[in-house]
Structures are given as C-alpha cells and as structure tokens.
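# Coordinate analysis (summary)
Each chain, written out:
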Amino acid sequence: MRRSMSQVLVLNGPNLNLLGRREPGTYGAATLADVEAMLADQAATAGLGIDFFQSNHEGALVDRVQATFEDGTRAAIINPGALTHTSVALRDAFLAVSLPFVEVHLSNIHARESFRHHSYLSDVAMGTIVGLGPLGYSLALTAVAARLATDA
Ligand code: DHK
C-alpha cells in the first residue's frame, strides 16, 4: 500500500531552543524557528509530512521517540545537543522503535573539545552531518526523503 504522506520527525535537544542567541560564533545566527520554517518548506515541496519537537529534557525526547511506534513517523532527523555525548537512553529509544534517523550537528564536533568527539547515536544512525550549520538539517531531510522514496 502506498501512503500519500510520509511522516518525518525533527528532534532538537537541550539548548537548541536558544539558537540565534546562543554562542552565535559556534552555532550561527539562525533561530530554531528559522531552521524549522526552512525544513517545513522543503518538506512541503517534497510532499512529505513533517513534525518538530524540541526539549531540554532527556525523558521528554525519549517519550517522543517512543511515540513514533504509533504515530506514523517513518524517519527522523535529530540534533541531540549535549545528549549526543551522554545518552544511552536516547540511543536505546531509537533502537526500540527501529526508526531510521540522521544525526545533525551545527558545529563540527570533531574540531571541538574531546568530550564532543564521541556520539552514542552515530553508529546506529543512517548517517551523520556535522559542521555545516542549518544546511546540515536540509541535507538530512534530502537524505531521509530519498530513503523514504525507496522504502515506499
Ligand atoms: C549542539 C550542542 O548543544 C552541543 O552540546 C553539541 C551540537 C554540538 C551542535 O553542534 O549542533 O556538542
């Protein structure tokens, strides 16, 4: 059966609600609303349904990933913020629901402090995009759309 709308979920973790105001030299001038508006336009052009969720709380993000079991979400894009480097729970949530996802970081985490070099998500992600600013989210959506087109 072919679905008319594919559902993509865009997740952002702690402190990403402050984009545009937070360390702009590292994270840029675009706000999260700017990024989400760009992705909404891109998704509409691609005929994809898209949802957004940001939280500063690990458990809320785990709950949202778990909810994809039932809500028709077929792939995700996530910038987990600092939870990238700490959260076994978020990793396990993605594995629990078998949801394909792309991991995005605005900054190049490999060019920063060593504690940012390890991600608990990268080895179970479809792919990772780092260091390209908001463009990384757009490239991730392109990759997810291609994946959903082949899975349809
Ligand atoms: C965002 C954060 O909040 C940091 O904790 C990560 C990531 C990097 C980013 O580059 O988008 O280490």
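Just above, that's the structure.
All of the points below concern the structure found in this document. Quantities reported herein were computed from a predicted structural model and do not represent experimental measurements. (Residues numbered from 1 in each chain as written. Predicted model: local features only at pLDDT ≥ 70, side-chain atom pairs only at ≥ 80, totals over all residues. Heavy atoms only, no water.)

## Thoughts on the packing of aromatic side chains
- Enumeration over the complete set of coordinates arrives at one aromatic pair.
- One residue, Arg22, lies across the ring of Tyr27, its end atom 4.0 Å from the ring centre. (Phe/Tyr/Trp six-rings, centres within 6.5 Å; stacked < 30°, edge-to-face > 60°. Lys NZ or Arg CZ within 6 Å of the ring centre and 35° of its normal.)

## Focus on helix 3 (residues 58-67)
- Along helix 3, the residues classified as buried are Leu61, Val62, Arg64 and Val65. Here the buried residues of helix 3 occupy an arc of 160° about the axis, which is enough to place them on one side. (Buried < 20%, exposed > 50% of the residue type's maximum accessible area, 1.4 Å probe, protein only. Helix = DSSP H or I, 4+ residues; strand = E, 2+ residues; numbered from the N terminus. Arc of directions from axis to C-beta.)

## Points about the site of the ligand
- Around the ligand, the structure places Arg22, Tyr27, Asn79, Gly81, Ala82, His85, His105, Leu106, Ser107, Ile109, Arg112 and Arg116.
- Contact distances for the ligand include 2.6 Å between an oxygen atom and a side-chain N or O atom of Ser107.
- One of the side-chain nitrogen or oxygen atoms of Arg116 is found 2.9 Å away from an oxygen atom of the ligand.
- Residue composition of the shell around the ligand, grouped by class: four nonpolar, five polar and three charged. (Near = heavy atom within 4 Å. Polar contact = N/O pair within 3.5 Å; in protein donor to acceptor, adjacent residues only side chain to side chain. Nonpolar A, V, L, I, M, F, W, Y, C, P; charged D, E, K, R; others polar.)

## Here we look at the nonpolar core
- Among the nonpolar cores identified, the biggest contains 22 residues, and Val8, Leu39, Ile50, Ile77, Tyr137, Leu141 and Val144 are the most heavily contacted of them.
- If you list the elements that add at least two residues to this core, you get strand 1 (6-12), helix 2 (32-46), strand 2 (48-54), strand 3 (73-79), strand 4 (101-105) and helix 5 (135-151).
- Looking at this core element by element, the count peaks at five residues for helix 5.
- When sequence neighbours within four positions are dropped, the list of residues in contact with Val144 reads Val8, Ala75, Ala76, Ile77 and Val102.
- By size, the runner-up hydrophobic cluster in this structure holds 16 residues, among which are Leu9, Leu83, Phe101 and Leu121. (Core = buried A, V, L, I, M, F, W, Y, C linked by side-chain atoms within 4.5 Å. Contact = heavy atoms within 4.5 Å.)

## Quick look at the packing of helix 3 against helix 4 (residues 88-97)
- Relative to each other, helix 3 and helix 4 sit at 5°, their axes nearing to 9 Å. As summarised for this structure, helix 3 and helix 4 are arranged roughly parallel, according to the angle between their axes. In this structure, helix 3 contributes Glu58, Leu61, Val62, Val65 and Gln66 to the contact, and helix 4 contributes Ala89, Leu90, Ala93, Phe94 and Val97.
- Of the residues assigned to the contact of helix 3 with helix 4, the class counts are eight nonpolar, one polar and one charged. (Axes fitted to C-alpha atoms, helices over the stretch in contact; angles between N-to-C directions. Parallel < 35°, antiparallel > 145°, perpendicular 65-115°, else oblique.)

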